[in-house]
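Chain by chain, the residues run as shown.
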Amino acid sequence: MPATPTGRKTDDKRPATATDPVPCRIVVCRDCCCGSPKVTGVDHAAQIVRLRAAAPVRVSDCLDVCEHANVIVVQPSAEGRAAGARPVWLGLVNDPDATEDIAAWAHAGGPGVAPRPDILDLYAITPPRRRPAS
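Residues numbered from 1 in each chain as written. Predicted model: local features only at pLDDT ≥ 70, side-chain atom pairs only at ≥ 80, totals over all residues. Heavy atoms only, no water.

A. View of the pairing of strand 1 (residues 25-29). Of all five residues that make up strand 1, four are buried, and the element is covered over most of its length. Pairing geometry for strand 1 and strand 3 (residues 72-75), over four bridges, is antiparallel. Residue Val 27 lies in a different strand from strand 3, and its bridge partner there is Val 73. Pairing geometry for strand 1 and strand 2 (residues 57-60), over four bridges, is parallel. Within strand 2, the position partnered with Val 27 by the bridge is Arg 58. As a crossover connection, the stretch from strand 1 through helix 1 (residues 44-52) into strand 2 is right-handed. (Buried < 20%, exposed > 50% of the residue type's maximum accessible area, 1.4 Å probe, protein only. Helix = DSSP H or I, 4+ residues; strand = E, 2+ residues; numbered from the N terminus. Pairing = 2+ DSSP bridges. Right-handed = clockwise from strand over helix to strand, strands pointing away.)

Quick look at the structure:
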């Protein structure tokens, strides 16, 4: 059985410990537009399954950039943040090749750890501004 750099066997089902590296994480918007029949020709469930095979995924309510559905945010790991990386927002992720490119990048370490594939520059979007609390 192969072992990780920490010596843990890769089929070990124990939960991660404080000494394990924290991987990058993926947020997938699934609300009014993203992940809905409004975005046709996409297997939305398969997209989440594929991304979960690469990194931890959180499914979010609306991220307020509906015009860019389907929206995916790749959040850097602790190592990536230490290197100065910020979350990368990607929009119009509506084909399996784009999902595969995101999954491969996340699996390789994501922002700040692995270089972003040039093709993902086509999907990069500006995140919405935070609204002041009322």
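B. Representation of helix 3 (residues 96-108). Helix length check: helix 3 (13 residues) gives 18 Å between terminal C-alpha atoms against 18 Å at 1.5 Å per residue, within 8%. Those residues of helix 3 lying buried are Ala 98, Thr 99, Ile 102, Ala 103, Trp 105 and Ala 106. Seen from one end, helix 3 has its buried residues packed into an arc of 165°, which puts them on one side. Pointing more than 90 degrees away from the buried face of helix 3 are the exposed residues Pro 96, Asp 97 and His 107. Where the residues of helix 3 are buried, they touch strand 1, helix 1, strand 3 and strand 4 (88-90). For helix 3, the capping residue at the N-terminal end is Asp 95, with a side-chain oxygen 3.0 Å from the backbone nitrogen of Asp 97. (Expected span 1.5 Å × (residues − 1). Arc of directions from axis to C-beta. Contact = heavy atoms within 4.5 Å. Polar contact = N/O pair within 3.5 Å; in protein donor to acceptor, adjacent residues only side chain to side chain.)

C. The arrangement of the environment of Ala 106 in detail. With respect to the element layout, Ala 106 can be found in helix 3. Remark: the alpha-carbon pair of Ala 106 and Arg 52, spanning 54 residues in sequence, is separated by 10.0 Å. When near neighbours in sequence (up to four residues on either side) are disregarded, Ala 106 contacts Cys 24, Ile 26, Ala 54 and Ala 55.

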